[in-house]
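Structural features, examined
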Amino acid sequence: TRAVASIFSRPEAWSLAAEPFKLLGILDVQNVPCARHSILYGSLGSVIAALGHFLFTSRVRRSCDVAVGVFILGTLGCWFPCRYNYAKQRIQQRIVQEGIKNKILFESTHLDPERKQIGTKSDNS
């Protein structure tokens, strides 16, 4: 009972999130953006396509071929648009962060673009 008590007294000993899940040993599904989403949609589509093909044709081998093909196409079909949107979002985020950093750095200095605009407007009045 002492060994059991020592395991339950340390939360890190029974943590489930200690090991990341890697698909085929290379793709960390938990940490790679779009991986979980793409794998789930690809596998769901392949199961539905294989069952539908089997119900219509009763050919097991061809249904498995259809399942593999739909899995590959479905996974890649979800992966590439998701990664494209993720990259586009990261670029936009970087631009906004750079703008905020410049705003903070140049605020109330002679390099502030808003200060120059305000100064020229007051001179014309």
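Throughout, residues of each chain are indexed from 1 in the direction in which the sequence is written. Where totals are concerned, whole chains, interfaces and linings use all residues; where local detail is concerned, this predicted model gives features only for residues with pLDDT of at least 70, and gives and counts side-chain atom pairs only at 80 or more. Only hydrogens and water are set aside when side-chain values are computed; all heavy atoms of the structure are taken into account.

Focus: the overall build of the protein
Our working definition: Where helices and strands are cited, they refer to DSSP runs of H or I of at least four residues and of E of at least two residues respectively, numbered from the N terminus. For every residue, the accessible area obtained with a 1.4 Å probe (protein chains only) is divided by the maximum for its type, and the residue is called buried under 20%, exposed over 50%, and partly exposed between those limits. We call two residues in contact whenever any of their non-hydrogen atoms come within 4.5 Å of each other.
Counting its regular elements, the protein contains four helices and two strands. Taken from the N to the C terminus, the helices and strands of the protein come in the order α-β-β-α-α-α. The buried share of the protein, reckoned over its 125 residues, is 10%. Restricting the contact set of the protein to residue pairs at least 6 apart, pairs at least 24 apart contribute 44%.

Describing a nonpolar patch on the surface
Selection rule: Each patch is built from salt-bridge-free residues with over 30% relative accessible area, joining like charges within 9 Å and nonpolar side chains (Val, Leu, Ile, Met, Phe, Trp, Tyr) within 5 Å. Here the Shrake-Rupley method, with its probe set to 1.4 Å, supplies the accessible areas, and only the displayed protein chains count as covering residues. One speaks of a salt bridge when a side-chain nitrogen belonging to Lys or Arg is within 4 Å of a carboxyl oxygen belonging to Asp or Glu.
A surface patch of nonpolar side chains, amounting to about 450 Å² of accessible area, comprises V68, F71, I72, L76 and F80. With respect to the helices, strands and loops of the structure, F71 is situated in helix α3 (residues 60-106). Judged by its relative accessible area of 30%, F71 is partly exposed.

What about α3?
Since the α-helix packs 3.6 residues into each turn, any two residues three or four apart lie on the same face. The criterion, for reference: Expected helix span is taken as 1.5 Å per residue step, with the number of steps being one fewer than the number of residues.
Here α3 contains 47 residues, and its C-alpha end-to-end distance of 68 Å stays within 8% of the 69 Å for a straight helix at 1.5 Å per residue. Among the residues making up α3, those that are buried are S63, A67 and T75. If you follow the buried residues of α3, they end up packed against α2 (35-57). S108 occupies a position one or two residues after α3 and carries a positive phi of about 65°.

Some details on the UniProt feature "transmembrane region" (unreviewed entry) in the protein
Going by this rule: UniProt positions are given in the numbering used here, feature names are shortened, and annotations may be inferred rather than shown by experiment.
Mapped onto the present numbering, the UniProt feature "transmembrane region" (unreviewed entry) falls on residues 39-60 and 66-86. Measuring from the first to the last C-alpha atom of residues 39-60 gives 23 Å, for a span that is 91% helix and 0% strand. Regarding residues 66-86, the helix share stands at 100% and the strand share at 0%, and the terminal C-alpha atoms are separated by 30 Å.

Some remarks on α2
Across its 23 residues, α2 extends 32 Å between first and last C-alpha, which sits within 8% of the 33 Å expected from 1.5 Å per residue. Within α2 the residues assigned to the buried category are A35, S38, G42, S46 and A50. Two residues or fewer past α2, S58 is found with a positive phi of approximately 60°.

Digging into the state of the cysteines
Short version of the rule: To count as a disulfide, a pair of cysteine sulfur atoms needs to be within 2.5 Å.
Summed over the entire model, instances satisfying the criterion amount to one disulfide. Each sulfur in the disulfide pair C34 and C82 lies 2.0 Å from the other. Note on the C34 and C82 pair: the S-S dihedral is about -75°, so by sign convention the disulfide is left-handed. Remark: C82 occurs in helix α3 and C34 occurs in the loop between β2 (27-28) and α2; sequence separation between them is 48 residues. With a relative accessible area of 12%, C34 lands in the buried category. The class for C82 is partly exposed, based on a relative accessible area of 22%. A disulfide-free cysteine, C78 has its sulfur positioned 8.2 Å from the sulfur of C82, the nearest such atom.

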